[in-house]
Structure formats: C-alpha cells, structure tokens
Amino acid sequence: MTRSGSITRKTRETDIELAFDVDGQGKADLDVQVPFLSHMLELFTKHGLFNLTVTGKGDVEVDDHHLTEDIGICLGQVLREAIGDKKGMKRYGSMILPMDEALVTVALDLSDRPHLEWYADIPSKKIGTFDTENVHEFFWKLALEARMNLHIVVHHGHNSHHIVEAMFKALGRALDEATQLDPRVEGVPSTKGSLS
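Keep in mind that this is a model prediction, so the values were computed, not measured. (Residues numbered from 1 in each chain as written. Predicted model: local features only at pLDDT ≥ 70, side-chain atom pairs only at ≥ 80, totals over all residues. Heavy atoms only, no water.)

Caption draft 1: Region of the structure containing the pattern of salt bridges. Across all of its chains, the model carries 13 salt bridges by this definition. Of the charged contacts, one joins Asp31 and Lys57 as a salt bridge, the two residues approaching to 3.4 Å between their closest N and O atoms. Of the two residues, Asp31 is situated in strand S3 (residues 27-32) and Lys57 in strand S4 (residues 51-58); the sequence distance between them amounts to 26 residues. The exposure class assigned to Lys57 is partly exposed, which follows from its relative accessible area of 38%. Measuring nitrogen to oxygen at the nearest pair gives 2.6 Å for the salt bridge that ties Asp131 to Lys126. What you see here is one network of salt bridges that share partners, running through Glu69, Glu137 and Lys141. (Salt bridge = Lys/Arg side-chain N within 4 Å of Asp/Glu carboxyl O. Helix = DSSP H or I, 4+ residues; strand = E, 2+ residues; numbered from the N terminus. Buried < 20%, exposed > 50% of the residue type's maximum accessible area, 1.4 Å probe, protein only.)

And the structure:
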C-alpha cells in the first residue's frame, strides 16, 4: 500500500506543487521562496522519515505570510489524503525534543477533529527576514486541513531559531509515530469504528 498524495494549488497570491510520501526515507526536494520555511520543512521531513517535494512561489515581495500559510494548507490536505482511512494506524504520536536550551513537546491525534493548542512564546518577531508569527499560522492551517488535533508546548528556551526548529523536528517525529502501522490494530483505532 502506497501512502502518498500530491496537490497543485494556484491562486493570485501563491503557486504551489507539493507531493508527500508517508513511508519515505527522509528525502526533501524543496524549491520554496521562503528560505527559513524551506529549512524547517527539510528538518520535518528528515526527522519524520517522509519524502517531501515542494515547489512554492508567491508574493514574497509583500511578505512571507501567504506562501507559508498556503504550504501549510497543501501539506495538511495531502497528509489527509495519504493516510486514507487510517486502518491499522497508531493514530497518536508525541515527542519531547531538546534543541540546545529549548525544550518543546508536540503531541497529536489524527482524529479527524481539527484543533491547535498553542503554548509557545517565540521571543523575537523575526528570524532573519521571516516573521515568527507565521509559525503559528503554518501549524494552525496544517492541523485544520489534515484534520488533526495538534498540541505544541514550549517548556523553555530563549533562542527563537532553536525553539522553532525543535517544533518542526518534534512534529516530524510525532507524526511518524502516529502514522505507523501496528499489526495488532484491527480496522480503525477508534471504538466508534470510524475516524472521519
């Protein structure tokens, strides 16, 4: 069974092609006009052992918001497509990840009930040219479109780059755990008999 998906999304603000393979080797092929986001997506892919291809262009002369948000939308939609009916899947995943002085927890449930719980203080308004408020926007749109319950908690940390990097690495590892197939699971991992 191949658990993968792809999407093309073109608006007046962005032009995105994205392909995602759940059962990959941690390979990222990224051509994204937002360098910091590209770096974070590479980390997410490597630590989740996914394969991710993204070509993303947009109105970055305005700011990075639209492209960051729309890549979150596309990744969420493709993730939802790739995991399908979730039969035999673990469903839950979590990771507490240290990155130097920063410590971040990401916990998620592929429940088809979208929610983002965000306890994260990112000290600086920018990392390089990237507006750090876009980090929340990315994760919220990802959770919404993937229809996942996503909790992100920053326990401590003072370097903004370390904090955000820990988030993306922890997301990759938590999502890898949640999407693992467990031979003990019969059907969908829910007493309701459905996760849709």
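Caption draft 2: Molecular detail of the packing of aromatic side chains. Under the definition given, this model contains eight aromatic pairs. An angle of 50° between the planes, with centres 5.1 Å apart, marks the rings of Phe20 and Phe50 as tilted. Taken as a pair, Phe20 in strand S2 (residues 14-21) and Phe50 in the loop between helix H1 (35-48) and S4 lie far apart in primary sequence, 30 residues in all. Given a relative accessible area of 2%, Phe20 falls into the buried group. On the accessibility criterion, Phe50 (0% relative accessible area) is buried. Between Trp118 and Phe139, the aromatic rings sit 6.2 Å apart at their centres with planes inclined by 40°, giving tilted as the arrangement. A residue pair is termed long-range when its members are at least 10 positions apart, and Trp118 in strand S7 (residues 115-119) and Phe139 in helix H3 (residues 133-146) qualify at 21 residues. Residue class for Trp118 comes out partly exposed when judged on its relative accessible area of 22%. Ring pairs connect the aromatic residues Trp118, Phe138, Phe139 and Phe168, which therefore count as one cluster. (Phe/Tyr/Trp six-rings, centres within 6.5 Å; stacked < 30°, edge-to-face > 60°.)

Caption draft 3: Up close: H1. Here H1 is 14 residues long and its end C-alpha atoms lie 20 Å apart, about the 20 Å a rise of 1.5 Å per residue gives. For H1, the full list of buried residues reads Phe36, Leu37, Ser38, Met40, Leu41, Leu43, Phe44, Thr45 and Gly48. Just downstream of H1 lies Leu49, where phi reads positive at about 55°. (Expected span 1.5 Å × (residues − 1).)

Caption draft 4: Geometry of the packing of H1 against helix H4 (residues 160-179). Put simply, H1 and H4 touch, their axes get as near as 7 Å, and they point 35° apart. Crossing handedness for the pair H1 and H4: right-handed. Residues Phe36, Leu37, His39, Met40, Leu43, Phe44, His47 and Gly48 of H1 touch H4, and the partners they reach there are His161, Val164, Glu165, Phe168, Lys169, Leu171, Gly172, Arg173, Leu175 and Asp176. When its residues are assigned to classes, the contact of H1 with H4 shows nine nonpolar, five polar and four charged. (Axes fitted to C-alpha atoms, helices over the stretch in contact; angles between N-to-C directions. Left-handed = near helix turned anticlockwise from the far one by under 90°. Contact = heavy atoms within 4.5 Å. Nonpolar A, V, L, I, M, F, W, Y, C, P; charged D, E, K, R; others polar.)

Caption draft 5: Spatial organisation of unusual backbone geometry. In this model, Lys86 sits at a positive phi of 70°, which is unusual for a non-glycine residue. With respect to the secondary-structure elements, Lys86 resides in the loop between helix H2 (65-83) and strand S5 (92-99). Among the residues examined, Lys86 registers a relative accessible area of 4% and is labelled buried. In this structure, Asp112 takes a positive phi of about 70° despite not being glycine. Within the element layout of this structure, Asp112 appears in the loop between strand S6 (102-109) and S7. For Asp112, a relative accessible area of 9% gives the class buried.

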